[in-house]
Amino acid sequence: MNELPMDKPNLLLVDDDVTFCSVLKPALEKRNFQVTVANDVDTAMKLAEQTEPEYAVIDLRIGFDSGLEMVKKLISLDDNTQIVMLTGFASIATAVEAIKLGATQYLAKPANADEIVAAFNHSPDSNAPLKAQPTQIG
């Protein structure tokens, strides 16, 4: 089973937390993804057009911008893109919105690389109850 580097699927990682990206990028690369990182929406939009990623991991809040805009952009480029939305501020409303826009799954932070890869293999079922859990404060 010889796998050439170009056989690795493209994954776009979009999060304004530089430290989080620096930890998650190599973890996803070890799981056979070619990872491109953006820390703001403008850069992410340009990279998405250039790389047309098969997979994306997007933070809900990127600086002052919404990651939901990135979901719309990626789906407009290729509606087969598998998108996992991450957030530190999980709510049912944003989870529903992300899934409606085309995200594959919605995970609350902290999420590790194994959870993210598993989420890519999840197919959203519009009839299934939503399992997003709001972050507990306190």
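This text goes with the structure placed above it.
All of these numbers come straight from a predicted model, not from anything done at the bench. (Residues numbered from 1 in each chain as written. Predicted model: local features only at pLDDT ≥ 70, side-chain atom pairs only at ≥ 80, totals over all residues. Heavy atoms only, no water.)

What should I look at first to understand the packing of aromatic side chains in this one?
In this description, an aromatic ring pair is defined by two values, namely the gap between the centres and the angle between the planes. This structure, assessed with the given rule, holds three aromatic pairs. Centre to centre, the rings of Tyr55 and Phe120 are 4.7 Å apart; their planes meet at 65°, and the pair counts as edge-to-face. Highlighted residues: Tyr55 in strand β3 (residues 55-59) and Phe120 in helix α5 (residues 113-120), separated in sequence by 65 residues. (Phe/Tyr/Trp six-rings, centres within 6.5 Å; stacked < 30°, edge-to-face > 60°. Helix = DSSP H or I, 4+ residues; strand = E, 2+ residues; numbered from the N terminus.)

When you look at the sheet that holds strand β2 (residues 34-38) in this model, what are you seeing that I'm missing?
Strand pairs in the sheet, formed through backbone hydrogen bonds, run parallel or antiparallel to each other. Here five strands make up an open sheet; going across it, the order is β2-β1-β3-β6-β7 and the pairing parallel. Edge positions in the sheet fall to β2 and β7 (105-108), since each has one partner strand and no second. Going across the sheet, the axis of each strand differs from the next one's by a mean of 20°, ignoring polarity. As defined by bridge partners, strand β6 (residues 82-87) adjoins β7 across four bridges and the pair is classed as parallel. Following the sheet pairing, Thr87 is matched in β7 by Ala108. (Pairing = 2+ DSSP bridges. Axes fitted to C-alpha atoms, helices over the stretch in contact; angles between N-to-C directions.)

Any chance you could explain the packing of helix α1 (residues 18-29) against α5 here in plain terms?
Helix packing geometry: the angle between the two helix axes and the distance between the axes. Between α1 and α5, the least distance of the axes is 9 Å, while the angle of their chain directions is 60°. Judged by the angle between their axes, α1 and α5 are oblique. Crossing handedness for the pair α1 and α5: right-handed. Counted together, Leu24, Ala27 and Leu28 of α1 and Ala113, Ile116 and Val117 of α5 form the full contact between these two elements. Considering only residue class, the contact of α1 with α5 consists of six nonpolar, no polar and no charged. (Parallel < 35°, antiparallel > 145°, perpendicular 65-115°, else oblique. Left-handed = near helix turned anticlockwise from the far one by under 90°. Contact = heavy atoms within 4.5 Å. Nonpolar A, V, L, I, M, F, W, Y, C, P; charged D, E, K, R; others polar.)

Got a minute to help me understand helix α2 (residues 41-51) in this structure?
Along an α-helix, residues three or four positions apart point the same way, because every turn accommodates 3.6 residues. Among the residues of α2, Val41, Ala44, Leu47 and Ala48 are the ones counted as buried. The buried side chains of α2 occupy one side of the element, clustering within an arc of 120° when seen end-on. The exposed residues of α2 that point more than 90 degrees off its buried face are Asp42, Lys46 and Gln50. In this structure, the buried residues of α2 make contact with β1 (10-14), β2, β4 (61-62), β5 (65-66) and α3 (67-77). Looking at where α2 begins, the residue whose side-chain oxygen comes 3.2 Å from the main-chain nitrogen of Asp42 is Asp40. (Buried < 20%, exposed > 50% of the residue type's maximum accessible area, 1.4 Å probe, protein only. Arc of directions from axis to C-beta. Polar contact = N/O pair within 3.5 Å; in protein donor to acceptor, adjacent residues only side chain to side chain.)

Interpretation note: all reported values are geometric properties and have no functional meaning in isolation.
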